Amino acid sequence: MRILMLTRFSYSGSTGHVLSLAGKLNSQGCRAAVVMTDCPPHLRQVYHDYCRHKVALFTESKESEILKLIRHYRFNVVHVHSPALISLARTAEQVLRLPWGVTVHNGLLPARQENLAQAAFIITGSLTTYHKLTRAGFPAAFIPEGIDLDEFRPAQKSELKLACIAESGGYSEEGCLALLKAAALADLPVDLICAEQFPQVRGRFYGWLPSAAPVLQESGIIVGRGRSLLEGMACGNASLVLGPYYGGILEACALGTAAYPDLSGHTGKEPCYRDIFFDLSRLIKDRAYLGELQRRSRKYVLENHDLRLSAELTGKIYRRISPSP
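Being a predicted model, the structure only gives us computed values, none of them experimental.

Caption draft 1: Quick look at helix α1 (residues 13-27). Between its first and last C-alpha, α1 extends 21 Å over 15 residues, near the 21 Å set by a 1.5 Å rise per residue. Looking one or two places after α1, you find G29, whose phi comes out positive at around 95 degrees.

Caption draft 2: Broad picture of the sheet that holds strand β5 (residues 100-104). On the basis of which strands lie adjacent, the open sheet formed by seven strands has the order β3-β2-β1-β4-β5-β6-β7 and parallel pairing. For this open sheet the edge positions go to β3 (56-58) and β7 (140-142), each flanked by a neighbour on one side alone. When strand polarity is set aside, the average angle formed by the axes of neighbouring strands in this sheet is 25 degrees. Note: strand β6 (residues 121-124) against β7, three bridges, orientation parallel. Opposite I123, over in β7, you have A141 as the bridge partner. Strand contacts of α1: β1 (2-8), β2 (31-37), β3 and β5, with the helix running at about 160 degrees to β2, the strand carrying the most contacts. Sitting on the sheet, helix α4 (residues 86-96) touches β1, β4 (77-80) and β5, and the angle it makes with β5 is about 165 degrees.

Caption draft 3: Broad picture of helix α10 (residues 287-304). The terminal C-alpha atoms of α10 lie 26 Å apart, and with 18 residues this matches the ideal 26 Å at 1.5 Å per residue to within 8%. Inspection of α10 places Y289, L290, G291, L293, Q294, S297, R298, Y300, V301 and N304 among the buried residues, and these make up the whole buried set.

Thresholds applied
Residues numbered from 1 in each chain as written. Predicted model: local features only at pLDDT ≥ 70, side-chain atom pairs only at ≥ 80, totals over all residues. Heavy atoms only, no water. Helix = DSSP H or I, 4+ residues; strand = E, 2+ residues; numbered from the N terminus. Expected span 1.5 Å × (residues − 1). Pairing = 2+ DSSP bridges. Axes fitted to C-alpha atoms, helices over the stretch in contact; angles between N-to-C directions. Contact = heavy atoms within 4.5 Å. Buried < 20%, exposed > 50% of the residue type's maximum accessible area, 1.4 Å probe, protein only.

If you want it as structure tokens, here you go:
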């Protein structure tokens, strides 16, 4: 079975989601490729290098060329990961009779929700979005966000430092500045992964990376939201939830397996450097609790967000709608 994943580049975890899922599907015998539209020219080679041994990646934006790719490689299913590309999937369905489905990321439903009624499947990694879709009558499937536990794994950490991943639409300038001020007061270096640069006292600005694994393996605390937090947790980091709002420390009691904690960054307080500083000071002073959070974080991701299982569940959906080899 040949699967084409359609995604629009964004400085967010959804880009990493698509590439990691496609790579894992390939390792499980499901032939997947990715078309990523609107990729900035300065990042195209970086992403091609990252994907070289994982998945075939095409950084093509023209609809006519994408349709040629679909014809040439004889894909069986089109899997859309950006609402803006649903119209292209529908064209492929009409012209090439290909079934298509969609993954809804970060609760971003298409402006014309009637398009979802035409999808052969709808997947989301958010329970909130899943319940919203099912209440609206859509036959959605909940598949937890999957993290590659071989790529994102703990390593020896030489010093305590923060890693902050600020994704497009998932942070505010005020929030980033508050974090950097708090970290400076706590004398902690910050490794910042973001398309936008902010003034730092200690640490390093990386810009945007196709994979944050090497940075996260060296940090002890991850700051961000959603998938970025899960990647950091898989690398043995304690977590501070920071999006448009500040959710504080992801405490040990929230890392049980009975429910998925809210990592959206859409709840909590307006970001304030004092609140962040107090939380950082607590973790610095109580190294035993910091170590417990780091261990529980890895365990939580192992038990709830293993990419192997997410890929297997996705593959079952493909086979259900297109049993072709």
